[in-house]
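# A structural walkthrough
Each chain is listed here by its residues.
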Amino acid sequence: MKAFSALLKKEFLDARRSGRLLIIVVIFVLFGIMNPVIAKLTPWMLTKTMADYGLAFTEIRVDAMTSWTQFFKNIPIALIVFILMFSGIFTREYKSGTLLLVLAKGLSRYKVVLAKMLLLLLLWTFGYGLCSGITYAYNAYYWDNSIVPNLFSAVAVWWLFGVWVICLLVLFSVLLQDNTGVTLCTGGAVLLAYLFCMIPEIKPYSPAMLMDSGSLLNGIMGIDSYIKAIIINMAFNVIGIAVSIPVMNRRQI
């Protein structure tokens, strides 16, 4: 347990010293602030834009729903930045040889996989929680969050989607040699899951369905409609980690 804790601490320090931790915090804080700010500025922007075309609005109403809609438009960008920042979490060490030094000290390879996985999950949870918390606080100050149906369910399922993407990142990081391949394969898997969502019979089972927060926010669907996708998501996560460990054990470093 001491070895695992030391490795986790080493991963955290590496993320901090490289500046990736600071960038992630800044990105998520920035998006958390932007959501209500953009919602607040929407009437002014629309009025100004339409005035250029000789049109006028009598009243443009914005509320917490406007801000949360903006949140779910922006959070995919934050996740993409997160993946790009950490796509080399394994591959950099393959190339530099630092992973070999760690393993030479007797640390089990599965602990390396679990430590890196745990770090990514902690950073994603922290960043996502920071972003959604800031948005919630601003919305509570300016408007009323209670008008948004299924708010916490929508926030939770999108967080779970991010966990799935992180598991894909770890799996492809173990399988591939360079971070470009890791990024492309992770993005390709997400795109494939998104395309499956276009097939009505498959959509309830696709992990990408968890991105469909709009249906929850507008009350079109309840959380029970996402149960199959959540189960598939969690199954993929377990399988991904289960595959990553033996592959890592057999990998030539």
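Below is a summary of the structure that appears in this document. All residue numbers refer to position in the chain's written sequence, counted from 1. Where local features are concerned, this predicted model is filtered to residues with pLDDT of at least 70; where side-chain atom pairs are given and counted, the filter is 80 or more; whole-chain, interface and lining totals use all residues. Heavy atoms from the whole structure form the basis of all side-chain values; hydrogens and water molecules are not counted.

## Looking at the nonpolar core
Of all hydrophobic cores here, the largest spans 71 residues; its most connected members are Trp68, Phe72, Phe82, Phe86, Phe90 and Trp124. Looking at this core, the elements that each hand over two or more residues are helix H1 (2–17), helix H2 (20–51), helix H3 (64–86), helix H6 (109–142), helix H7 (151–175), helix H8 (179–196), helix H9 (213–217) and helix H10 (227–250). Two residues form a contact once any of their heavy atoms are found within 4.5 Å. Ignoring anything within four residues of it in the chain, the contact list for Phe82 reads Ile24, Phe28, Leu120, Leu123, Trp124 and Ile166. Among buried residues, those of type Ala, Val, Leu, Ile, Met, Phe, Trp, Tyr and Cys that are joined through side-chain atoms within 4.5 Å constitute a nonpolar core. Remark: exposure states derive from per-residue accessible area (1.4 Å probe, protein chains only) relative to the maximum for the residue type, with buried under 20%, exposed over 50%, and partly exposed in between. Each helix is a run of DSSP H or I of at least 4 residues and each strand a run of E of at least 2, with the numbering of both proceeding from the N terminus.

## Looking at the environment of Pro207
Its location among the elements puts Pro207 in the loop between H8 and H9. Overall, Pro207 belongs to the buried group, its relative accessible area being 4%.

## Some words on the packing of H6 against H10
Contact geometry of H6 with H10 gives a least axis separation of 8 Å together with a crossing angle of 135 degrees. Relative to H10, H6 is oriented oblique. Crossing of H6 against H10: the hand is right-handed. The segment H6 lies against H10, with Arg109, Tyr110, Val112, Val113, Leu114 and Met117 engaging Ile241, Ser244, Ile245, Met248, Asn249 and Arg250. Residues that form the contact of H6 with H10 fall into these classes: eight nonpolar, two polar and two charged. In this analysis, axes come from line fits to C-alpha atoms, helices being fitted only over the stretch in contact, and the angle between any two N-to-C directions falls in the range 0 to 180 degrees. Angles below 35 degrees are treated as roughly parallel, those above 145 as roughly antiparallel, those between 65 and 115 as roughly perpendicular, and all remaining angles as oblique. Crossings are sorted by hand: turned counterclockwise from the far helix by less than a right angle, the near helix makes the crossing left-handed, and turned clockwise it makes it right-handed. Classification used: nonpolar for Ala, Val, Leu, Ile, Met, Phe, Trp, Tyr, Cys and Pro, charged for Asp, Glu, Lys and Arg, polar for all others including Gly.

## With respect to H8
End to end, H8 covers 26 Å across 18 residues, agreeing with the expected 26 Å (1.5 Å per residue, within 8%). Among the residues making up H8, those that are buried are Gly181, Val182, Thr186, Ala189, Val190 and Ala193. Viewed along the axis of H8, the buried residues span an arc of 165 degrees, placing them on a single side of the element. If you follow the buried residues of H8, they end up packed against helix H4 (91–96) and H7. N-capping of H8 is provided by Asp178, with a side-chain oxygen placed 3.3 Å from the backbone N of Thr180. Expected span of a helix: the number of residues minus one, times 1.5 Å. Working definition: the arc comes from the directions between the helix axis and the C-beta atoms, pointing outward to the latter. Identification of polar contacts relies on pairs of N or O atoms within 3.5 Å, with a donor-acceptor requirement for protein atoms, meaning one able to donate a hydrogen and the other able to accept it, and with residues adjacent in sequence counted only if both atoms are side-chain atoms.

## Re the pattern of salt bridges
Each reported salt bridge corresponds to a side-chain nitrogen of Lys or Arg within 4 Å of a carboxyl oxygen of Asp or Glu. A complete count under the given rule lists four salt bridges for this structure. For Lys116, the salt bridge identified is with Glu11, shortest N-O distance 2.8 Å. One end of the pair, Lys116, is in helix H6; the other, Glu11, is in helix H1, and 105 residues separate them in sequence. Each of the two residues, Lys116 as well as Glu11, counts as buried. For Lys203, the salt bridge identified is with Asp212, shortest N-O distance 3.7 Å. By sharing partners, the salt bridges in this structure join Lys10, Glu11 and Lys116 into a single network.

## Some points on the packing of H1 against H6
Direction vectors running N to C along H1 and H6 enclose 45 degrees, while the axes themselves pass 9 Å from each other. Here H1 is positioned oblique relative to H6, judged by the angle of their axes. Judged by the sense of rotation from one axis to the other, the crossing of H1 with H6 is right-handed. Across from Phe4, Leu7, Leu8, Glu11 and Phe12 in H1, the residues of H6 making contact are Lys111, Val112, Leu114, Ala115, Lys116, Leu118 and Leu119.

## Here's the deal with H3
Counted at 1.5 Å a residue, the expected span for H3 with its 23 residues is 33 Å, and the 32 Å between its end C-alpha atoms agrees. Roughly 30 degrees is the biggest bend found in H3, and it falls at Asn74, with proline Pro76 one to four residues downstream. The N-cap residue of H3 is Asp63: its side-chain oxygen and the backbone nitrogen of Met65 are 3.1 Å apart. Two axes enter the definition of the bend at a residue: one is fitted to the seven residues ending there, the other to the seven starting there, and the bend is the angle between them.

## A few points about the side chain of Lys111
Mapped onto the elements, Lys111 comes out in helix H6. His is not counted, nor are the chain ends; Lys and Arg add positive charge and Asp and Glu add negative charge. For Lys111, which is buried and forms no salt bridge, the nearest opposite charge comes from Glu11, at a distance of 14 Å. In this view, Lys111 contacts Phe4 and Leu7; residues no more than four positions away in its chain are not counted.

## Looking at the side chain of Asn233
Looking at the secondary structure, you find Asn233 in helix H10. A relative accessible area of 0% places Asn233 in the buried class. If near-sequence neighbours (up to four positions away) are discounted, Asn233 is found in contact with Leu160, Phe161, Trp164, Pro207 and Leu210.

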